[in-house]
Amino acid sequence: MVLRSAWPFIFDPQTNADSLASTHVALTEHLARLKKKVPQNFTVVVQPPFVVIGDEPPETVRRRATNTVKWTVDRLKLDYFKRDPQEIIDIWLFRDGASYTNHARLLFDDTPTTPFGYYSAEHRALVMNISTGGGTLVHEIVHPFMRANFPECPAWFNEGLASLYEASVEKNGRIRGLINWRFKGLERAIKDGTTLSFRQLTSMGDAEFYGGTDHAGYSRYYAQARYLCYYLQEKELLVKFYHEFVAHVKQDPTGYETLKRVLGEGDMDAFKKKWEKFVLELRSQ
């Protein structure tokens, strides 16, 4: 259904009717508040549990809502997540860097610290410069689903899984992460002998993990966590690890013992050498 106006709402015709009905009141109230905030010439697409808002042409915004947001959500739910986020989250897709920077300031009084995009907990909004590509959007979509389904998840796995899908494709109906830009920094760290033990990586608190940014937005901790997830994926163990971790997080809050068990590795120092060899061999792929 398309409501035609200077400020169009577009409801994806593929949206599950029960899903819309169950959130009808909250969604109606949310859209009423949103209408007072959204500038002219933006398009709003309801794609539960998100509302996608963009200043590209309406059909482009709709295509992103379907081909990126819905595509990602459907495949993440297929393998990992049973519950939707309780809150309605806005996804703001700005057409270029100038629009992104200007509207972040005008709408949220924010100055972005990254050229790609970020999540604002205060505004329950994903704020994206979509001209940089959809990878950051896919990354950020993981986080609200993780909060709803695995609130105890430590930063290393939360960011490792989200980072895995920054570059992704569909294979046999499932989402699969690809090698991406984080590889080069990790390759350098392996050759320099500066990667962490997996006990160290998994035991990091949030402050330590998020404090690992080196330069140009690169984080050695993100990279190591991502390519641990990539290894698990390639060995067909990632989905199993997620569900085992969720089931045993009270006994194993860092996931380290679950990781050992799922990998079938008793000697994690030996596994680290095996994993590093695996990563270095990705260069030839």
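Just above, that's the structure.
Small disclaimer: the values here were computed from a predicted structure and weren't measured.

What counts, and at which threshold
Residues numbered from 1 in each chain as written. Predicted model: local features only at pLDDT ≥ 70, side-chain atom pairs only at ≥ 80, totals over all residues. Heavy atoms only, no water. Helix = DSSP H or I, 4+ residues; strand = E, 2+ residues; numbered from the N terminus. Buried < 20%, exposed > 50% of the residue type's maximum accessible area, 1.4 Å probe, protein only. Contact = heavy atoms within 4.5 Å. Areas by Shrake-Rupley, 256 points an atom, 1.4 Å probe, with all protein chains shown as cover. Pairing = 2+ DSSP bridges. Disulfide = S-S within 2.5 Å. Salt bridge = Lys/Arg side-chain N within 4 Å of Asp/Glu carboxyl O. Expected span 1.5 Å × (residues − 1). Arc of directions from axis to C-beta.

Asker: Even after reading the chapter, I still don't get the overall build of the protein, so can you show me in this structure?
Answerer: Helix and strand counts for the protein come out as 13 helices and eleven strands. For the protein, buried positions account for 53% of its 285 residues. By sequence separation, contacts in the protein at least 24 residues apart represent 62% of the contacts at least 6 residues apart. For the protein, the accessible area works out to roughly 13,700 Å², and carbon and sulfur atoms hold 50% of it.

Asker: Could you clarify how one ought to interpret the pairing of strand E8 (residues 168–171) in this entry?
Answerer: Consecutive residues of a regular strand have side chains that alternate between opposite faces of the sheet. As defined by bridge partners, E8 adjoins strand E9 (residues 174–177) across four bridges and the pair is classed as antiparallel. Following the sheet pairing, Lys171 is matched in E9 by Arg174. What sits between E8 and E9 in their antiparallel hairpin is a turn of two residues, with Asn172 showing a positive phi close to 55°.

Asker: Could you clarify how one ought to interpret the state of the cysteines in this entry?
Answerer: As used here, a disulfide is simply a covalent bond connecting the sulfur atoms of two cysteines. Taken as a whole, this structure holds zero disulfides when the rule is applied. Looking at the unpaired Cys153, the closest cysteine sulfur is the one in Cys229, lying at 9.0 Å. For Cys153, a relative accessible area of 12% gives the class buried.

Asker: I tried to follow the pattern of salt bridges on my own but got confused; where do I start?
Answerer: All told, the structure shown has 18 salt bridges when counted by the stated rule. Where Arg75 meets Glu170, a salt bridge forms, and the shortest distance between an N and an O atom there is 3.0 Å. Of this pair, Arg75 sits in helix H3 (residues 58–79) while Glu170 is found in strand E8, placing the two residues 95 residues apart along the sequence. One salt bridge in this structure joins Glu236 and Arg176, with 3.4 Å as the shortest N-O distance. Here the residue Glu236 occupies a position in the loop between helix H10 (220–234) and helix H11 (238–248), and Arg176 occupies one in strand E9, the gap between them amounting to 60 residues. Salt bridges linked by common partners bring Asp55, Arg95 and Asp96 together as one network.

Asker: Please explain helix H13 (residues 268–281) as it appears in this structure.
Answerer: A rise of 1.5 Å per residue sets the reference length of H13, with its 14 residues, at 20 Å; its end C-alpha atoms lie 20 Å apart and thus fit the reference within 8%. The set of residues buried in H13 consists of Met268, Phe271, Lys272, Trp275, Glu276, Phe278 and Val279. For H13, the buried positions fall inside an angular range of 160° around the axis, keeping them on one side. Among the exposed residues of H13, those oriented more than 90 degrees off its buried face are Asp269 and Lys273.

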